[in-house]
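# Reading the structure
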Number of protein chains: 2
Amino acid sequence: VSVTAAQGFVAAGVASGIKPSGDRDLSLVATADGRPVAAAGVFTSNKMTAAPVLVSSSHLRASGGQAAAVVLSSGNANAATGEQGEADATEMCALVAADLGCDHHHVLICQTGLIGIPLPMDVIRAGIPTLTSARRADGDTDAAEAIRTTDTVRKEVVIGGDGFTVGGMAKGAAMLAPNMATMLAVLTTDAAATPDQLKAALVRGVAGSFNVLSVDGCTSTNDTVLLLASGAAGPVDPGALDAAVAAACASLAEQMAGDAEGATKTVWVHVTGAHSDEEAAVAARRVADSALCKCSWYGRDPYWGRVASELGSAGVAFDQRLVSVAYGGVTVAHGGVEIDHDRAAVATHMEGRRIEVTADLGLGAGRASILTNDLTHAYVDENMGTS
Amino acid sequence: VSVTAAQGFVAAGVASGIKPSGDRDLSLVATADGRPVAAAGVFTSNKMTAAPVLVSSSHLRASGGQAAAVVLSSGNANAATGEQGEADATEMCALVAADLGCDHHHVLICQTGLIGIPLPMDVIRAGIPTLTSARRADGDTDAAEAIRTTDTVRKEVVIGGDGFTVGGMAKGAAMLAPNMATMLAVLTTDAAATPDQLKAALVRGVAGSFNVLSVDGCTSTNDTVLLLASGAAGPVDPGALDAAVAAACASLAEQMAGDAEGATKTVWVHVTGAHSDEEAAVAARRVADSALCKCSWYGRDPYWGRVASELGSAGVAFDQRLVSVAYGGVTVAHGGVEIDHDRAAVATHMEGRRIEVTADLGLGAGRASILTNDLTHAYVDENMGTS
């Protein structure tokens, strides 16, 4: 149960033929009555922006934050496809709008898959009527299936608020699945809220979840997170809505990290004692994105010297005489040198599915955390394949 | 032939027992008469600075740019070893100085190997007399052998100038060999030059060689490049000395890239048409350090969409309608979309040992190049091992 858990939404997922495998590849989330409701979106910062990102953000601007549906497709990212790509994404929105009886500006679009290949519009044109006619209140599982690419499991979440619900589905993790690129998430709620409220809740939720997730340091051309509010549950406490949206984002981000391409471990990198929160975030990301640290986690190796070396080259305030490093709460180095510690406890922690690395810089009160994973043979396998 | 090709230098390489394998692990480059000559050094920017880097830079400052010898050891980086590490490195310099009859400030030190482990000073104290007594004019091969860690071949160079010679040896590449970390290079020349001249030549040479080499984006705690000038060949044209030093650095950097850990391909990433040279360098490094691009090169896949996506997220001026990407001189994408091109020619280029990727941003005259390699199963193997 995911995007139709909140009242007022329907969903569908069908196979149109974009994927040669014949798996589901077209997905729809829509309001039950086809009328637009308050909506907000957060999009990739990559300047190599995919057509669906350009079209969705343009539609949200044109509608003043109103949407009746989101159409999603997998198998082709419609990125690096030029003006034709924008025309194709716009046409997909218009086809869905015609079936729903709404304005085409009220349809948003998300796409994921290969970069640089024109969309197979013939199969998509044929598939959209099948998609829209399949929409129903229990179509959320099919919808979440249809956005999977190299994901091994569906990512779904439902958060129950006080008198309202937030539900969502997602795929991928920031560029973790590059041949089938992108992280996409669609959230729905039955809370009543303005587009501005939704945008604020989404920005806050994304900052604490998807934006602290770093699988390989790459930012996709297509990353998109959308939130639609039907209002069916009436007005709610804004703080409660913020909290529920944040919890939904956090759950989906953890699910992505757990399913990251080829990963055997989820790793939280915490940096404390930095000069500022910003510097802590830079340092944590440096460690999280380090190929050397990622390989050592794969090898279950508590090689703190690599962590310290990355911190020292992160470009933030750093004094090697003050740094300490801990794995799973056991401090292995302090004052820049290794100290006596419980090696068995650390070894046991490194064997687990989830590793916690904490580095304290000893300089100030700045802190930040990044969620990442290990670098494995399977990651290389999945990413060396032909485009 | 390497560090003793220039007149006035001797070298040696012996096994002391730092490496459990029994391979050579102590190396020496010294002036033939044990007297100090003009010297200069360039060191890592990592703030997690290893003890030998602190000691060598301190000795160069104290001596005003004079050195009689460089002692090098492999198997233990003497990094993250605190005050004891500095005392140990200083003692190693003093032991060599006593044997050579020079001041201890006139001995520089380079070390490479594991981080965070105290130096085995007992075996080193016993090994240094063996090392210094083995020094001779044809000891350069032994010296270059003794600094190898995971290097599969020695890196040596000799550049003949007009009436003078520049020779050098090196190991590793910036953190390509993390368990046995570090890139080290020692260059010698018989040209007569001041320490300031040497420093300027070295900074220029390093900027165009080691500093455009990026194996995995990591910066070692121990990176060091040293240049000693015996003056035996007398004064030379400063421009000719600069050029010879630059050529020697470039050759050693190419040798490192070719021997990068687990790599099957050397890759030059060229960015042209950037807003500035600085922005071109940022963009080129983003592509070179991308795990996704590196995996695609391993798979011989000319997946230009990944290159464009990295350029778009590099944080520099970028317009996707203007970008073009070429492999081996064959343009595969122009104006942000794929164009007709000779696929067979590109496929042949991707099969080669050396790949050239050129991205033109279409914005200005800024250009930069980065030398890197692919990301392979063997890299993961070599870096997941226990510390």
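Residues numbered from 1 in each chain as written. Chains lettered and ligands numbered in written order. Predicted model: local features only at pLDDT ≥ 70, side-chain atom pairs only at ≥ 80, totals over all residues. Heavy atoms only, no water.

Our focus in this paragraph is the overall build of chain A. Looking only at helices and strands, chain A features 11 helices and 16 strands. Compactness check: chain A gives a C-alpha radius of gyration of 22 Å against a globular reference of 21 Å for 387 residues, within 12% of the reference. When the backbone C-alpha atoms are referred to their principal axes, chain A occupies close to 70 × 50 × 35 Å. Burial analysis of chain A (387 residues in total) assigns 60% to the buried set. A separation threshold of at least 6 residues defines the contact pool for chain A, and within that pool the share at least 24 residues apart is 78%. (Helix = DSSP H or I, 4+ residues; strand = E, 2+ residues; numbered from the N terminus. Rg over C-alpha atoms; globule rule 2.2 N^0.38 Å. Buried < 20%, exposed > 50% of the residue type's maximum accessible area, 1.4 Å probe, protein only. Contact = heavy atoms within 4.5 Å.)

Moving on to the pattern of salt bridges. Counted by the stated rule, this structure contains 32 salt bridges over all chains. In this structure, Lys155(B) and Asp259(B) form a salt bridge, with 2.4 Å as the shortest nitrogen-oxygen distance. You can see Lys155(B) sitting in strand E7 (residues 155–160) and its partner Asp259(B) sitting in the loop between helix H6 (238–258) and strand E11 (266–274), a full 104 residues away along the chain. In this structure, Lys155(B) and Asp259(B) share a single accessibility class: buried. Taken together, the shared-partner salt bridges in this structure form one network comprising Arg24(A), Arg136(A), Asp138(A) and Asp142(A). (Salt bridge = Lys/Arg side-chain N within 4 Å of Asp/Glu carboxyl O.)

Attention shifts here to the confidence of the model for chain A. Residue and element names in this part refer to chain A. On average, residues of chain A carry a pLDDT of 91, and 96% of them reach 70 or more. Here residues 174–181 is a poorly scored stretch, pLDDT under 50, and it has 49 contacts once near neighbours within four places are set aside; other chains count. Across the interfaces of the predicted complex, the ipTM metric reaches 0.75, alongside a pTM of 0.79. (pLDDT = per-residue confidence, 0-100.)

Right, let's get into the interface of chain A and chain B. Listed by partner, the interface residues are 58 residues for chain A and 58 residues for chain B. When the two sides are added together, the surface that chain A and chain B hide from each other amounts to roughly 4,400 Å², 58% of it contributed by carbon and sulfur. Considering only the surface of chain A that becomes buried against chain B, Lys47(A), Met48(A) and Tyr303(A) emerge as the three largest contributors, covering 15% of it. For the pair chain A and chain B, the interface holds 12 residue pairs in polar contact (both at pLDDT 80 or more). Elements represented by at least two residues in the side of chain A that touches chain B include exactly helix H8 (291–298), helix H9 (304–312), strand E14 (337–338) and helix H11 (377–384) of chain A. Looking at the side of chain A that touches chain B, the element that brings in the most residues is H9(A), giving 7 residues. (Buried area = accessible area lost by both parts, 1.4 Å probe. Polar contact = N/O pair within 3.5 Å; in protein donor to acceptor, adjacent residues only side chain to side chain.)

Here we take up the nonpolar core. Of all hydrophobic cores here, the largest spans 74 residues; its most connected members are Phe210(B), Trp297(B), Leu311(B) and Tyr327(B). By residue number, the principal contributor to this core is H6(B), which donates 9 residues. If we skip the residues at most four places from it in the chain, Trp297(B) touches Lys265(B), Val267(B), Val269(B), Val287(B), Ala288(B), Tyr327(B), Met350(B), Ile355(B), Val357(B), Thr372(B), Asn373(B) and Asp374(B). Core analysis: the next-biggest nonpolar cluster, separate from the first, contains 73 residues, Leu202(A), Ala280(A), Leu311(A) and Leu361(A) among them. (Core = buried A, V, L, I, M, F, W, Y, C linked by side-chain atoms within 4.5 Å.)

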